[in-house]
Amino acid sequence: MDVLRFLIPVSIGLGGVGLLAFFWTLRSNQYDDPDGDSRRILTDDYEDTPKADQADTPPPRGDE
Amino acid sequence: MTIRDPSELPGGMACPACMVSPSAELLARHAARARESRIMLSLPGIREAGDISRVERGLAAVAGVQQARVNLTQKRATVTGLPDLVPDTLIHALTGLGIEAHEMDAEVAALTRTDRAGRELLMRLGVAGFAAMNVMLLSISVWSGADDATRDLFHWISAAITFPAIAFAGQPFYRSAWAALRRGRLNMDVPITLAILLAVATSLWETMLSGHHAYFDAALMLTFFLLAGRYLDHRTRAIARSAAEELAALEVPRAIRRTATGGEETVPLSAVSVGDEIVVRPGGRMPVDGVVSEGASELDRSLLTGETLPAQALPGMQVSAGEVNLTGPLIVRATAVGPDSALHALTDLVAIAESGRANYHSLADKAAKLYAPGVHILSALSFAGWYIGTGDLRTAVNIAAAVLIITCPCALGLAVPAVTTAASGRLFRKGLLIKSGTALERLSAIDTVIFDKTGTLTSGTPTLRGAEGVPDDLLVLAAAMGQGSAHPLARALVAAAAGRGGDCPAVEGLREVPGYGVEGRIGGEIVRLGRPDWVGAAADSDAGLSTCLRVGQNAPHTFEFTDRLRPGAAAAVAGLRAQGLEVRLISGDAPASVAAVAAQVGITQWQARATPQDKAAAVTEARDAGRMVLMVGDGLNDTAALAAAHVSISPASALDAARVASDVVLLGQDLSVLPEARAVAQQATRRIRENFRIATVYNIVAVPLAVAGLATPLIAALAMSASSITVSLNALRVAGRKAPRRAGPERGAPSAAILSEAR
């Protein structure tokens, strides 16, 4: 049962990494448009302007 | 709006007025620039990946657009661009692509975009889920036979995970329960909080005494499922709320003000004060109440009164916010702005009417009322019974906790939001926005539907009645006269004359006489097309929508018009009647036009010339007679009736007052979704009831075990997750099948098709 000494912290740690990753997706607005994102991946358009994290400061358009 | 050279903007010193009062002017300009560089459009019709690219490409092609981004979930587009970018250009560009678009207020939309509360709930949900999974792993090893020191160790680790997680994740319940208790009430959150706290406390106690049963996993799972329900509920409401707020901004909050120097400036409506002179161009909507000081025109007041016949506007006349200016430019001196204006004057009427609906109790409220005290009594009784029976406090507390955990309204917390989310999502795809949480339940109970006419059953665009009967020559002449006018009746004449051949003498010196009509000359004779009294015909106030044509001293010819039906109006009425509902029509318009529309859509009970009070009274009367009324209306004159009705629907084109008063907003043009909306609402209500029954059945099975002291944490976990999952799956049946990916050739996602062919 000594192995538990490693296994438990490791499993909780891995879970914690997942939890942090979830927080990151939350903070970077990845749940704003689930429907749109699931379809954009199927379009052939090359996106000049991928979505900015902060919609208030959009990046300039590529071709200008 | 004038298109300015963007290069002159950054300095902000280009106009003479700025020199006079630079700071105020600069501030106003700065505000205007910040607002206008970001435009949000509502796109009720978009569905597919192809629509995203079409909209984004179409918008990017418009001059001045820097970036356009579509959000398919919320069905809107955010456009950033040069400060002189006008929403109308964008809307026009999209309409050209066959996509319906409305402007929204970017400021309001930006406020709702960062949905803090939703994110917080999601974060708590994540923490609860993470902790529940870890504790569940430990619990499973305990259930499958870990004992002695291992079991104690696992219990201690579980406790260490559970305490911070529960303290963080359960906060919404604790707060709500505390608020209810402080007011001396019981709500659903009181048993929830009690169950969570009792479960954690007894488990910790058991752990310290190295007991067999700890309920850490149950407490966390409970929190997780309940938070899931809470989050679904919040999301449905937040989507509806933000969309409704943005729609409220459809009344574009701007006005063109005359400056002291005689120039014109576009200012936000909030900056207009009483006494300001406002310029209202033909086609524009009155932003304020006021008195006409210059100009002559005709006004479309259909949104306010339901009349389709335009009213004349001359200097000295009162105008109200919401009226649409038709023919000539008007200068209006503001007499009341914002909340003082006539648009808001009916608020009292609405408040009175709404009180009738306020005492509606949702199914969830009813369930909670039965449930919360029952659970507490049951738990207290089992505690008392076991304590008296065995004299062992530890056993008694354990059993009381088990009873609370097992009966905890886990499935009940999911029963309503899961169904509402699924049903609202389905209706949103059909173009219906559910604003109120209980709207679906109320919609399912209706037995009477009352429609408004102008703008609701009809689209508000007139068409010539009996066009076949009009001699070609006359019609072509009338169309030639009306060619240059923006008046809806003139447009209707032009449309009716399209494709008709006829001899028409050339009309010379054509000019529009704002407020009256169009005048021209054939040879030496004056030709007039316009208001009957101006042309010299006897005016018949019951004739409804009409205009007259008179050549010289000949007898005038009267053209009569009907309002065109909204698409799907007849289908909607037929569908509602097929569901056994009584359909009525109440309008403020003249009897002739109301009768014509009623006949067209197949409504037999109609009433014309109804004032707003009449409409509200009709609804209240029906309500007092025990009927459940669905009111469908769009005008200010419908607002009180909308608020008084059991449930109400208004189209997106409605005045904001009407939309605020209604529970459901129809985003698209087509009315034919109404019968389906009711069908979905009925189905949703059925599912909610079913869910309550399912949850009750689980309780009936599990509670005796808990009371008898036979419930182990394993049984509690099984009962809880099984009932929650059953309830959620049952709710998903309402969502229906997603719209087929390739609904039509032009709507299909081309690249998706290519992908599947390539395989």
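The residue numbers shown here count from 1 along each chain, following its written sequence. Following the order in which they are written, the chains are lettered starting with A and the ligands numbered starting with 1. The model is predicted, so local features are restricted to residues of pLDDT at least 70 and side-chain atom pairs to those at 80 or more, both for listing and for counting; the totals for chains, interfaces and linings are taken over all residues. In computing side-chain properties, one takes all heavy atoms of the structure into account and sets aside hydrogens as well as water.

*Asks:* Before we move on, can you summarise the sheet that holds strand 23 (residues 605-607) of chain B with the specific residues and values?
*Replies:* All names here are of chain B. Here, strands pair whenever DSSP counts at least two bridges between them. Numbering of helices and strands starts at the N terminus; helices are DSSP runs of H or I of at least 4 residues and strands are runs of E of at least 2. The seven strands lie next to each other as 14-26-25-24-15-22-23, forming an open sheet whose pairing is mixed. Edge strands, defined here as strands with exactly one partner in the open sheet, are strand 14 (432-434) and strand 23. With strand direction ignored, the average angle separating the axes of adjacent strands in the sheet is 20°. In this sheet, strand 24 (residues 629-632) lies alongside strand 15 (residues 448-451) in parallel orientation, the contact comprising four bridges. Bridge pairing links Phe451 to Val632 in strand 24. Any two residues having at least one pair of non-hydrogen atoms within 4.5 Å are treated as being in contact. Between N-to-C directions, angles cover 0 to 180 degrees, with each direction set by a line fitted to C-alpha atoms, over the stretch in contact for helices. Where helix 24 (residues 612-624) meets the sheet, its contacts fall on strand 15, strand 22 (582-586), strand 23 and strand 24, and the angle it forms with strand 24 comes to roughly 160°. The sheet strands contacting helix 27 (residues 673-707) are strand 14, strand 15, strand 24, strand 25 (647-651) and strand 26 (664-666), and the helix crosses strand 14 at an angle near 35°.

*Asks:* Tell me about the nonpolar core, residues and numbers included.
*Replies:* All names here are of chain B. To form a nonpolar core, buried Ala, Val, Leu, Ile, Met, Phe, Trp, Tyr and Cys residues must be joined to one another through side-chain atoms within 4.5 Å. Categorising residues by exposure relies on relative accessible area from a 1.4 Å probe, with only protein chains included: less than 20% of the type maximum marks a residue as buried, more than 50% marks it as exposed, and the intermediate range marks it as partly exposed. If you look at the biggest cluster of nonpolar residues, it comprises 119 residues, and the most contacted ones within it are Phe451, Leu457 and Ile603. Per-element tally for this core: the top contributor is helix 6 (residues 116-143), with 13 residues. Contact partners of Leu457, with chain neighbours within four places excluded, come to Phe451, Asp452, Leu565, Arg566, Ala569, Val573, Leu585, Val597, Val601, Ile603 and Leu671. Within the second largest apolar cluster, 21 residues are counted, among which are Leu477, Ala478, Met481 and Leu545.

*Asks:* Can you explain the sheet that holds strand 10 (residues 311-313) of chain B? Please cite residues and give values.
*Replies:* Strand pairing in a sheet takes place through backbone hydrogen bonds and is either antiparallel or parallel in direction. All names here are of chain B. Taken in spatial order, the three strands of this open sheet run 10-9-12, and their pairing is antiparallel. Whereas interior strands pair on both sides, the edge strands pair on one side only; in this sheet they are strand 10 and strand 12 (324-325). With two bridges connecting them, strand 9 (residues 297-300) and strand 12 associate as antiparallel partners. Its bridge partner being in strand 12, Asp300 is matched across the sheet by Val324.

*Asks:* So what's going on with the packing of aromatic side chains? Which residues, and what values?
*Replies:* Here is the rule: rings of Phe, Tyr and Trp (six-membered ring for Trp) pair when centre to centre is within 6.5 Å. Planes less than 30 degrees apart are stacked, more than 60 are edge-to-face, and the remainder are tilted. Counted by the stated rule, this structure contains three aromatic pairs over all chains. A ring pair is formed by A:Phe22 and A:Phe23, whose centres lie 6.4 Å apart and whose planes are at 45°; its orientation type is tilted. Judged by its relative accessible area of 21%, A:Phe22 falls in the partly exposed class. Note on A:Phe23: relative accessible area 18%, which makes it buried. Both rings, one in B:Phe383 and one in B:Tyr387, keep their centres 5.9 Å apart while their planes meet at 5°; by these two values the pair is stacked. Residue B:Phe383 and its partner B:Tyr387 are both found in helix 14 (residues 363-390); the two are separated by four residues, about one turn of the helix. Given a relative accessible area of 28%, B:Phe383 falls into the partly exposed group. Note that B:Arg124 overlies the ring of B:Phe168, its terminal NZ or CZ placed 4.8 Å from the centroid. Over a ring means this: the NZ of a Lys or the CZ of an Arg is within 6 Å of the ring centre and within 35 degrees of the ring normal.

*Asks:* Tell me about the packing of helix 14 of chain B against helix 15 (residues 393-407) of chain B, and name the residues and values.
*Replies:* Residue and element names in this part refer to chain B. Taken N-terminus to C-terminus, the directions of helix 14 and helix 15 make an angle of 160°; their axes are 8 Å apart at the nearest point. As summarised for this structure, helix 14 and helix 15 are arranged roughly antiparallel, according to the angle between their axes. For the element pair helix 14 and helix 15, the recorded crossing hand is right-handed. Here Tyr371, Val375, Leu378, Ser379, Ser382, Phe383, Trp386 and Tyr387 of helix 14 come into contact with helix 15, specifically with Leu393, Thr395, Ala396, Val397, Ile399, Ala400, Val403, Leu404 and Thr407. Residues were grouped as follows: Ala, Val, Leu, Ile, Met, Phe, Trp, Tyr, Cys and Pro as nonpolar; Asp, Glu, Lys and Arg as charged; and all remaining residues, including Gly, as polar. Tallied by class, residues from the contact of helix 14 with helix 15 come to 13 nonpolar, four polar and no charged. For this classification, under 35 degrees means roughly parallel, over 145 means roughly antiparallel, 65 to 115 means roughly perpendicular, and everything else is oblique. Handedness of a helix crossing follows the sense of rotation of the near helix relative to the far helix, less than a right angle counterclockwise being left-handed and clockwise being right-handed.

*Asks:* Could you give an account of the pairing of strand 20 (residues 546-551) of chain B, naming the residues involved and the relevant values?
*Replies:* All names here are of chain B. In terms of residue burial, strand 20 counts as a mostly covered element, since six of its six residues are buried. Note: strand 19 (residues 525-530) against strand 20, four bridges, orientation antiparallel. Paired with Arg528 across the strands is Arg550, a residue of strand 20. Relative to strand 21 (residues 557-565), strand 20 runs antiparallel, the two sharing four bridges. For Cys548, the partnering residue across the bridge sits in strand 21 and is Thr558. In textbook terms, the turn of a hairpin is the stretch between consecutive antiparallel strands, and for strand 20 and strand 21 this stretch comprises five residues, one of which, Gly552, has a positive phi near 55°.

*Asks:* Residues and numbers for the pattern of salt bridges, please.
*Replies:* Residue and element names in this part refer to chain B. Any carboxyl oxygen of Asp or Glu within 4 Å of a side-chain nitrogen of Lys or Arg constitutes a salt bridge here. Per the counting criterion, the structure on display carries 19 salt bridges over all chains. The salt bridge involving Glu206 is made with Arg394; its shortest N-O contact spans 2.5 Å. Of this pair, Glu206 sits in helix 9 (residues 189-208) while Arg394 sits in helix 15, and the two are 188 residues apart along the sequence. Between Asp447 and Arg627 there is a salt bridge whose closest N-O contact spans 3.8 Å. Pair noted here: Asp447 is in the loop between helix 17 (439-444) and strand 15 and Arg627 is in the loop between helix 24 and strand 24, with a separation of 180 residues, a long-range link. The class for Asp447 is partly exposed, based on a relative accessible area of 26%. One network of salt bridges, in which partners are shared, links Asp447, Glu582, Arg584 and Arg627.

*Asks:* Kindly report on unusual backbone geometry, identifying the contributing residues and their values.
*Replies:* Working note: non-glycine residues mostly have negative phi, and peptide bonds are mostly trans. All names here are of chain B. In this structure, Ser210 takes a positive phi of about 40° despite not being glycine. Topologically, Ser210 is positioned in the loop between helix 9 and helix 10 (216-248). For Arg609, which is not a glycine, the phi torsion comes out positive at approximately 50°. With respect to the secondary-structure elements, Arg609 resides in the loop between strand 23 and helix 24. On the basis of relative accessibility, which here comes to 45%, the residue Arg609 falls in the partly exposed class.

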